[in-house]
Amino acid sequence: RLLSDILDLSKIEAGKLTLHEGEFEPREVRQAIVDLLFLASKEHGLRLTFCIDDNVPAKLIGDETRLVQILFNLEPVSKRLS
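Residues numbered from 1 in each chain as written. Predicted model: local features only at pLDDT ≥ 70, side-chain atom pairs only at ≥ 80, totals over all residues. Heavy atoms only, no water.

> An account of the pattern of salt bridges is requested, with residue identities and associated values reported.
One pass over the full model with this rule turns up 1 salt bridge. Measuring nitrogen to oxygen at the nearest pair gives 3.7 Å for the salt bridge that ties Glu23 to Lys59. Taken together, the residues Glu23 in strand β1 (residues 22-24) and Lys59 in the loop between α2 (26-43) and β2 (60-62) connect sequence positions 36 residues apart. On the basis of relative accessible area, Glu23 is assigned to the exposed category, the value being 57%. Residue class for Lys59 comes out partly exposed when judged on its relative accessible area of 46%. (Salt bridge = Lys/Arg side-chain N within 4 Å of Asp/Glu carboxyl O. Helix = DSSP H or I, 4+ residues; strand = E, 2+ residues; numbered from the N terminus. Buried < 20%, exposed > 50% of the residue type's maximum accessible area, 1.4 Å probe, protein only.)

Put into structure tokens, the structure is as follows:
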């Protein structure tokens with residue numbers, strides 16, 4: 001994944017990154033990410049919270065793959081479970 005991110009940064013700097021627009025459902029993206037990260041976060045004593053504002057439409061047009069990449073690379077704000 002790190003190599004892919006580095007290659008993407010190189011493409012951005014060169015102005016050659018291609019976005020693939022398509023319709024996707026942000027709540028499905030949210031659920032997929034939560035499903036992937038839930039067990040790992042629990043094993044580390046972290047609570048995983050991922051909220052989508054009610055004003056976000058049910059369907060969006062954009063590059064779903066890039067959105068997932070961005071969400072995975074966000075710096076976590078962690079709080080230990082009590």
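> Explain the nonpolar core to me, using residue names and the numbers behind them.
If you look at soluble globular proteins, the nonpolar side chains tend to sit buried side by side. Counting 5 residues, the largest nonpolar core consists of Phe24, Val29, Ile33, Val34 and Phe50. Looking at this core element by element, the count peaks at 3 residues for α2. In contact with Ile33, not counting residues within four places along its chain, are Phe50, Leu71 and Phe72. (Core = buried A, V, L, I, M, F, W, Y, C linked by side-chain atoms within 4.5 Å. Contact = heavy atoms within 4.5 Å.)

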